[in-house]
Amino acid sequence: MQKSLPQAEKRGFIQANFVGIMIWLLRIVTVVIVAWGAYNSISSGTYSLSQWKDLVIFGLAQGGMYGLIALGYTLIYGILGFINFAHGDIFMSGMMVGYFVADDLNSLGFWNAHPVFSLLIILAVSMATSSLVAVIIERIAYKPLRNAPRLIPLITSIGASFSLEYLFKGLFGAAAKSYPDMTSIDGFLNIGGFHILKTQALVLGGVLVMMVFLYWFVEHTRAGKSIRAVAEDKEIAALMGVNVERTIIITFALGGAMAGAAGLFYALVFNQVYFLAGFVPGIKAFTAAVLGGIGNIPGAMVGGVTLGLLESLGPVLILAGLGIPSPHQLSDVVAFAVLTLVLIFRPTGLLGERLSQEKA
Amino acid sequence: MAEAMNPTPSTPPAVPPVPDEAVRVAPGISYRKAFRYGMIGGLVLITFATIGALQTFQTKSIINGELNLGYLGLGLLPLIMGLLAARMPEAKEGYVQAKPGPRNLIAGLMVGFVSGELLLDFALFVQVVNIRPVFINVSPQMASLIAFGQANQANGLALLLLTTTILGGIGGLLEVLPKAWRSALVGGLTWVVMVGLFDVVFSAFFRGAKLQQIDSFLYSAAGGLHLNGAMLVFIVAASLYFVRESQGKAIGRRYRQLPDPARRSVKYGGLAALVLILLILPELLGPFISEVLDLVGIYMLMGLGLNIVVGLAGLLDLGYVAFFAVGAYTTAVLTSPASPAVAPELTFWLAIPFVLLAAALAGLIVGTPVLRMRGDYLAIVTLGFGEIARLLVTSAWFKPLLGGAQGILKIPAIVIHDFVGAPIVFNTPPKVLYLVALFCLIAAYVSWRLKDSRVGRAWMAMREDEDVAEAMGVNIVEAKLKAFITGAVLASIGGALFATKIGSIFPNSFNIIVSITVLVIIIVGGMGSIPGVVVGAFVLEGVPQLLREFQDFQFLAYGILLIIMMLYRPEGLIPSREWARELHEEEMSQDAWLKDVKQQDDEAAESGAPAAD
């Protein structure tokens, strides 16, 4: 026993170094690639200043939506400690049901006659749908698994995600559905030298309102307090008189509502919805949540905006600079690469996780 | 209506205070529960109709003119819900289980009635309100299907209600039947459905074995079983099940009492017959079934690989398809003359070492950065890797090398030279099947040997608790990388076989669905269990391939299956010992404790001393 000890220590040293060296290498390579690409791209002058500005605005709007969806991941991770893989599909469900209402309003002529009122109706419908779907999934699939090993709820949520996607396919058909055009939000605005699409301005405003509302809800209402208490420690919260099950339902409903709002915004920007529309935004929103620090509510927003900017600027700034053809095809690759790099180098995210110790 | 049937409270008549020695009977069947199950069943039935499953499934005939798959689903659900609702609740400690009785029947009938009633209401609702613009599958045809296609809708709906009620009642009665009868009934019906549903397989088998008479006796030309054939299948299967249930123990005893040489000859004779049948089976079954089995084998290879990564090492990898793609693309580039950039045109056997090398490298590349990640982050990052791989292959950047969305064509079939040098070309599905089976056997052997080896035990220790494993001297870095590399290598063999079998590959064959399918295979089969992977691959890849016309519902079924398995049987259908122990640790320790206490009590009672508190 005594003899083998130094050897074991030596092995430990080497193995720590192996991972350490690999990670440092990766860090250096990443920085060099990013710097080299950015330098080339900027010095080549292929893109004009206004194009850069457009990309920034697009990234902000996109990132705001990611942030809204990310709130659901963050809230649920905060209190239950697992990734709700089905959250992207909860987002899709609001968008999908919203479409049918929008279509009906359009055929009644209401859509363009009263745009503000129509948007509010759709917002309410898609938020309500998404929260309802989120709560139903929670009751059926996650509630019986409160004390199961970690991977089990995750695998269940993968199953829930698939079920939702293909249930919606069966119910509403596989074809992509286009939201009707709204004439009053076509065209551009000029704000401080920025040329902004009206839809993007609307999305940015909407996201801001939602964020403020959520922050107020979590910080200043009784239900919000109980969410924070349950996130801190479920058992102690229960002892203090917090109804844990009710709080969990509220959390799912809240996360679902945010995803539903994001669904409307997404539909306004991209116009189309189909049964797999939630998959990629879902993963990107998860990336945003991790980027900002999972469990951290302002972090979700910061992470979302950062990811949106990286995704819209990244291909042009870095990939084009490296001489890669048609870099726009690779914007998803950038997002996934960001996710991987964040998890390797700073798994606690930009603003840090808000988790109690045992979950980390 | 159903509420009116529920006047009795769910608890049994109050138990009078009884002396300690008397037996206390546990509460029996609850009607409230039955009502709830009926409602759930009804909602599921409505969903079944709304997503178009009823219409699509009714094109598949099981018993010609009598029963099709759609109505089977419609009838099976009340039956199962009735069975579940009428299952005797488990008696708590200190209680004796109540005897099954008429309450079971009533509960079953109630379940069937309530669910039928809901579906009926839905059919009527659809007539009044047109919801078709939203729910595209809710057509008049669907409503008439619900009414059993009767011209007079009222009659049809009454028939529907009657059928579901009776089936629910049968479900409730199953619990009351003696075990042998129940198993005969269920087994017989199951086999009728199986033989009817997989007519392609059985037909191909009978025709291949030159038993056309049996084929034409069982199956009608229009699809599905003949009524006589169905009865024959039912009688044979039911009597076999009956004998097994009632005489099984006796036969087993007699076999064990046989003298050693006789027993050995029975055993080896059986084994030899099995091997012989398996050897001629591919040629017997013909190209279609063989092709299905090829795919099953390829998924089995991937399942065995993922079983090591997820099942043994506990690293949830959702981007497993990337390794499959590495295998397929390396094979394609190295062997195909149509490979866009480099085309060395090696033979398959020369390419295989490079394929394995590439896969090991890919495993290392994916494995290294994720070494320090915790379980759920790992899942998402590997998912990201899988998507990155697919997007890169599709992108214009890699198009000059890998062909982009057009893929790589003209991948040659595998060739083996026999003793005299004459080539055998593995270009038909039955021939490929031999190779696939060979690789599957090797993979199964390797993973079986790995499981109890030093590294296998390290993986399992790591799965249970990484920190503890490390403290016990397991080198986590090494163990994780080994798991990733082994998994990658097995998947790449699957990919290589896939490429040569199909002859051309496209990036869209390698999407997330493949990863999820493999995951479902190992979860349904049982994580860490090799027989589980084999069964899982047959059920989850073979059945959808045979029922290709219902592909729309395959992934919905996967999703629901994942949820149900995780809720009710997380250890899988054929669980591995270790995983089951981990999941049910608490129950097992409780059982052991109860047993201990009981034993102590018994001993105390025997010695005449009062039981210790």
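Residues numbered from 1 in each chain as written. Chains lettered and ligands numbered in written order. Predicted model: local features only at pLDDT ≥ 70, side-chain atom pairs only at ≥ 80, totals over all residues.

1. Some thoughts on the overall build of chain A
- In terms of regular secondary structure, chain A is built from 13 helices and 4 strands.
- Against the globule reference of 21 Å for 360 residues, chain A gives a C-alpha radius of gyration of 22 Å, in line with a compact fold.
- The buried share of chain A, taken over its 360 residues, is 49%.
- Across chain A, every contact between residues at least 6 apart in sequence was considered, and the portion connecting residues at least 24 apart equals 79%. (Helix = DSSP H or I, 4+ residues; strand = E, 2+ residues; numbered from the N terminus. Rg over C-alpha atoms; globule rule 2.2 N^0.38 Å. Buried ≥ 20, exposed ≤ 12 C-beta atoms within 10 Å, placed from the backbone. Contact = placed C-beta atoms within 7 Å.)

2. Topic: the overall build of chain B
- Summing up its helical and strand segments, chain B has 24 helices and 6 strands in all.
- With the C-alpha coordinates of chain B rotated into their principal frame, the extents come out at 85 × 75 × 60 Å.
- Looking at chain B residue by residue over its 613 residues, the buried ones come to 42%.
- Within chain B, contacts between residues separated by at least 24 positions form 76% of all contacts whose residues are at least 6 apart in sequence.

3. Observations concerning the interface of chain A and chain B
- With 44 residues of chain A in contact, the opposing surface of chain B contributes 43 residues.
- Among the secondary structure elements, those contributing two or more residues to the side of chain A that touches chain B are α1 (4–44), α6 (151–172), α11 (279–292) and α13 (331–345) of chain A.
- With 15 residues, α6(A) is the largest single contributor of residues to the side of chain A that touches chain B.
- Considering only residue class, the side of chain A that touches chain B consists of 33 nonpolar, 9 polar and 2 charged. (Nonpolar A, V, L, I, M, F, W, Y, C, P; charged D, E, K, R; others polar.)

4. Comments concerning the packing of helix α2 (residues 49–80) of chain A against helix α7 (residues 198–220) of chain A
Residues and elements named next belong to chain A.
- Interhelical geometry of α2 versus α7 gives an angle of 30 degrees and a closest axis separation of 9 Å. As for the relative orientation of α2 and α7, their crossing is left-handed in sense. On α7, the residues touching Ile 57, Phe 58, Leu 60, Ala 61, Gly 64, Met 65, Gly 67, Leu 68 and Leu 71 of α2 are Gln 200, Val 203, Leu 204, Val 207, Met 210 and Leu 214.
- For the contact of α2 with α7, the per-class residue count stands at 12 nonpolar, 3 polar and no charged. (Axes fitted to C-alpha atoms, helices over the stretch in contact; angles between N-to-C directions. Left-handed = near helix turned anticlockwise from the far one by under 90°.)

5. Let's talk about the domain arrangement of chain A
Residue and element names in this part refer to chain A.
- Parsing chain A into structural domains produces domain 1 (1–40) and domain 2 (63–359).
- Domain 1 and domain 2 are separated by 36 Å when their C-alpha centres are compared.
- With 10 residues of domain 1 at the contact, the number on the domain 2 side is 8 residues.
- Among the residues making up the side of domain 1 that touches domain 2, the classes are represented as 6 nonpolar, 3 polar and 1 charged. (Domains from an automatic or database assignment.)

6. Digging into the environment of Phe354(B)
All names here are of chain B.
- Within the secondary structure layout, Phe 354 lies in helix α13 (residues 348–367).
- Considered as a pair, Phe 354 and Thr 331 are 23 residues apart in the sequence and their alpha carbons are 8.4 Å apart.
- Those residues in contact with Phe 354 that sit more than four places away from it in its chain are Thr 330 and Leu 334.

7. Let's talk about the nonpolar core
- Among the nonpolar cores identified, the biggest contains 273 residues, and Met258(A), Ala261(A), Ala262(A), Leu301(B), Phe324(B) and Leu562(B) are the most heavily contacted of them.
- If one sorts the elements of this core by residue count, helix α11 (residues 260–312) of chain B sits on top with 17 residues.
- Those residues in contact with Phe324(B) that sit more than four places away from it in its chain are Met302(B), Ala491(B), Gly494(B), Gly495(B), Phe510(B) and Val514(B). (Core = buried A, V, L, I, M, F, W, Y, C linked by C-beta atoms within 7 Å.)

8. Looking at the pairing of strand β2 (residues 188–191) of chain A
Residues and elements named next belong to chain A.
- Both β2 and strand β3 (residues 194–197) contribute to a ladder of 4 bridges, which runs antiparallel. Residue pairing across strands places Phe 188 opposite Leu 197, the latter belonging to β3.
- Between the end of β2 and the start of β3, which pair antiparallel, lie 2 residues, with Gly 192 showing a positive phi angle near 55 degrees. (Pairing = 2+ DSSP bridges.)

9. Topic: unusual backbone geometry
- Within the chain, Asn271(A) stands out as a residue other than glycine whose phi angle is a positive 70 degrees.
- Mapping Asn271(A) onto the fold places it in the loop between α10 (244–270) and β4 (272–273).
- For Asn271(A), a count of 15 C-beta atoms within 10 Å translates into the label partly exposed.
- The phi dihedral of Lys210(B) falls on the positive side, at around 60 degrees, and the residue is not glycine.
- Here Lys210(B) lies in the loop between α8 (199–208) and α9 (212–218).

10. Some remarks on the domain arrangement of chain B
- According to the domain assignment, chain B consists of domain 1 (25–255) and domain 2 (286–510).
- One C-alpha centre belongs to domain 1 of chain B, the other to domain 2 of chain B; they are set 40 Å apart.

11. Here's the deal with the confidence of the model for chain B
Residues and elements named next belong to chain B.
- Residues at a pLDDT of 70 or more form 92% of chain B, whose mean pLDDT is 84.
- Low confidence marks residues 609–613, where pLDDT is under 50. Its contacts with residues over four positions away, or in another chain, come to 7 contacts.
- Across the whole predicted complex the pTM is 0.85, and at the interface the ipTM reaches 0.86. (pLDDT = per-residue confidence, 0-100.)

12. Some remarks on the packing of helix α3 (residues 69–85) of chain B against helix α4 (residues 102–128) of chain B
Residue and element names in this part refer to chain B.
- Put simply, α3 and α4 touch, their axes get as near as 8 Å, and they point 140 degrees apart. In terms of orientation, α3 lies oblique with respect to α4. Like other packed secondary-structure pairs, α3 and α4 cross with a definite hand, here right-handed. Residue-level contacts link Leu 77, Pro 78, Met 81, Gly 82 and Ala 85 of α3 to Ala 107, Gly 108, Val 111, Gly 112, Ser 115 and Gly 116 of α4.
- Taken together, the residues of the contact of α3 with α4 sort by class into 6 nonpolar, 5 polar and no charged. (Parallel < 35°, antiparallel > 145°, perpendicular 65-115°, else oblique.)

13. What about helix α12 (residues 321–335) of chain B?
- When the terminal C-alpha atoms of α12(B) are compared, their 21 Å separation across 15 residues agrees well with the 21 Å that a helix rising 1.5 Å per residue should span.
- Burial analysis of α12(B) places 15 of its 15 residues in the buried class, which makes it a mostly covered element. (Expected span 1.5 Å × (residues − 1).)

14. As for the confidence of the model for chain A
All names here are of chain A.
- With 93% of its residues at a pLDDT of 70 or more, chain A has an overall mean of 85.
- Averaged over each element, pLDDT in chain A is lowest for α1 (71) and highest for helix α5 (residues 115–142) (94).
- Per-residue pLDDT stays below 50 along residues 1–10; that stretch engages in 0 contacts with residues further than four places along the chain or on separate chains.
- Here residues 356–360 is a poorly scored stretch, pLDDT under 50, and it has 5 contacts once near neighbours within four places are set aside; other chains count.

15. What to know about the environment of Ile121(A)
All names here are of chain A.
- Following the sequence through the fold, Ile 121 ends up in helix α5.
- Judged by local crowding, Ile 121 falls into the partly exposed class, with 17 C-beta atoms found within 10 Å.
- Separated by 43 residues in the primary sequence, Ile 121 and Leu 164 place their C-alpha atoms 24 Å from one another.
- The contact partners of Ile 121, leaving out residues within four places of it in the chain, are Val 101 and Leu 105.

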